[in-house]
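# Inside the fold
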Amino acid sequence: MKVIMPEEIYPGFEQAFGALRQFAAGRRGTTQPVEHCEMCSAALEKEHPHLIALASRQIVCACLACALLFDGVQGAKYKRVSRRLQQIADFQMTDAEWESLMIPINMAFFLESSVEGRVIALYPSPAGAVESLLPLDAWSGIVEQNPALRRLEPDVEALLVSRVGYTHGAATAEYYLAPIDECYRLVGLIRSNWRGLSGGTEVWTEVAGFFSDLRSRAGRIPGGSNA
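Residues numbered from 1 in each chain as written. Predicted model: local features only at pLDDT ≥ 70, side-chain atom pairs only at ≥ 80, totals over all residues. Heavy atoms only, no water.

## Details of the packing of helix 7 (residues 180-193) against helix 8 (residues 200-217)
Contact geometry for helix 7 and helix 8: axes closest at 9 Å, N-to-C directions at 160 degrees. By the angle between their directions, the pair helix 7 and helix 8 is classed as roughly antiparallel. The two elements helix 7 and helix 8 cross, and the hand of that crossing is right-handed. Taking contact as the criterion, the partners of Glu182, Arg185, Leu186, Leu189, Ile190 and Asn193 in helix 7 are, on helix 8, Glu202, Val203, Glu206, Val207, Phe210, Phe211, Asp213, Leu214 and Arg217. (Axes fitted to C-alpha atoms, helices over the stretch in contact; angles between N-to-C directions. Helix = DSSP H or I, 4+ residues; strand = E, 2+ residues; numbered from the N terminus. Parallel < 35°, antiparallel > 145°, perpendicular 65-115°, else oblique. Left-handed = near helix turned anticlockwise from the far one by under 90°. Contact = heavy atoms within 4.5 Å.)

Have a look at this one:
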């Protein structure tokens with residue numbers, strides 16, 4: 001018995017089926033939306049530069065060409081975010097000094113704002129980044145003990161601190177000289193994964209993964225380094 005193939009009944013079957021396969025493959029390949037430069041709308045690679053809007057502290061995705069326009073430009077509304085990531089190995093800070101900073105949780109980041117002319121302390125919360133009043137004398141004392149902090153580039157780098165594991169006796173406290181977009185990535189991670197009053201298991205697993213990733217990518221410098 002002769003087997004009748006579909007293309008014998010429908011002459012355009014193979015072409016139509018091929019087009020359907022391509023369409024399905026295209027749908028599978030576009031599950032992740034393509035990001036675009038917020039300056040010129042060009043499509044972006046997964047890894048791309050960021051800018052920070054100085055007045056609002058908003059992180060802006062940019063293509064390399066647009067990011068280069070803001071490298072070292074004085075008086076611009078935007079600044080290109082640094083890519084330097086370093087773990088400060090022997091950071092000097094006592095529990096009393098940390099408490100004097102009046103941060104309500106054991107995780108925060110500190111940046112110098114060129115717009116406001118002061119150091120700002122922020123900590124992640126289910127509602128986003130929350131600003132905490134920072135006693136200037138307390139910060140000055142910490143910088144005096146850790147001269148590496150004098151290397152922080154205003155607006156685009158921060159001291160990122162995690163003392164969560166330390167307070168539970170499970171790990172040492174961690175201190176990073178980090179790009180500001182990494183700090184806001186942590187804020188977004190906590191905001192999107194927080195459940196209930198305590199956050200739930202998932203959010204703390206994500207936080208642990210975040211800091212594990214930082215450790216794997218960061219260089220190491222001593223807190224007392226003037227380099």
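After that view of the structure, there is still more to cover.
## Points about the pairing of strand 2 (residues 58-61)
In this sheet, strand 2 lies alongside strand 1 (residues 50-53) in antiparallel orientation, the contact comprising 4 bridges. Its bridge partner being in strand 2, Ile52 is matched across the sheet by Ile59. Connecting the antiparallel pair strand 1 and strand 2 is a turn made up of 4 residues, with Arg57 showing a positive phi of about 65 degrees. (Pairing = 2+ DSSP bridges.)

## Let's talk about the nonpolar core
With 27 residues, the main nonpolar core has Phe109, Leu160, Tyr176, Ile180, Leu186 and Phe211 as its most contacted residues. Only strand 5 (107-113), strand 6 (118-125), strand 8 (157-162), strand 9 (174-179), helix 7 and helix 8 provide two or more residues apiece to this core. Counting residues per element, this core draws most heavily on helix 7, at 7 residues. If we ignore the near neighbours within four places in the chain, the residues touching Leu186 are Met107, Leu160, Val207, Phe210 and Phe211. Counting residues in each nonpolar core, the second largest holds 24 residues, with Ile88, Ala108, Ala121 and Tyr175 among its members. (Core = buried A, V, L, I, M, F, W, Y, C linked by side-chain atoms within 4.5 Å. Buried < 20%, exposed > 50% of the residue type's maximum accessible area, 1.4 Å probe, protein only.)

## Section: the sheet that holds strand 3 (residues 78-80)
The strand order across the open sheet formed by 3 strands is 2-1-3, and the pairing between neighbours is antiparallel. Of all the strands in the sheet, just strand 2 and strand 3 have a single pairing partner and so form its edges. This sheet shows a mean twist of 35 degrees between the axes of neighbouring strands, independent of strand direction.

## Comments concerning the pairing of strand 8
The element strand 8 is extensively covered by neighbouring structure, given that 6 of its 6 residues are classed as buried. Alternating residues of strand 8 divide into Glu157, Leu159 and Val161 and Ala158, Leu160 and Ser162, and every residue in both groups is buried. Strand direction decides the pairing type here: strand 5 and strand 8, joined by 4 bridges, are antiparallel. Residue pairing in the sheet places Met107 in a bridge with Ser162 of strand 8. In terms of strand pairing, strand 8 meets strand 9 through 6 bridges, oriented antiparallel. Bridging across to strand 9, Leu159 finds its partner in Leu177.

## Thoughts on the environment of Gly141
The residue Gly141 is located in helix 5 (residues 136-145) in this model. Spatially, the C-alpha atom of Gly141 lies 8.8 Å from that of Glu97, the residues being 44 residues apart in sequence.

## A short note on the sheet that holds strand 10 (residues 219-221)
The mixed open sheet is built from 7 strands, whose spatial order is 7-6-5-8-9-4-10. Of all the strands in the sheet, the pair left with one neighbour each is strand 7 (128-132) and strand 10. For this sheet the average axis-to-axis angle between neighbouring strands, irrespective of direction, equals 30 degrees.

## With respect to the pattern of salt bridges
Oppositely charged side chains may form a pair once their charged atoms are brought near each other. If you walk through the whole model with that rule in mind, you get 15 salt bridges. The residue Asp155 makes a salt bridge to Lys79 at a minimum N-O spacing of 3.4 Å. Taken as a pair, Asp155 in the loop between helix 5 and strand 8 and Lys79 in strand 3 lie far apart in primary sequence, 76 residues in all. Judged by relative accessible area, which is 4%, Asp155 ranks as buried. Judged by its relative accessible area of 22%, Lys79 falls in the partly exposed class. The partner of Arg215 in a salt bridge is Glu174, and the shortest N-O contact between them spans 2.8 Å. A residue pair is termed long-range when its members are at least 10 positions apart, and Arg215 in helix 8 and Glu174 in strand 9 qualify at 41 residues. Several salt bridges share partner residues, and in doing so they unite Arg83, Asp181, Glu182, Arg185, Asp213 and Arg217 into one network. (Salt bridge = Lys/Arg side-chain N within 4 Å of Asp/Glu carboxyl O.)

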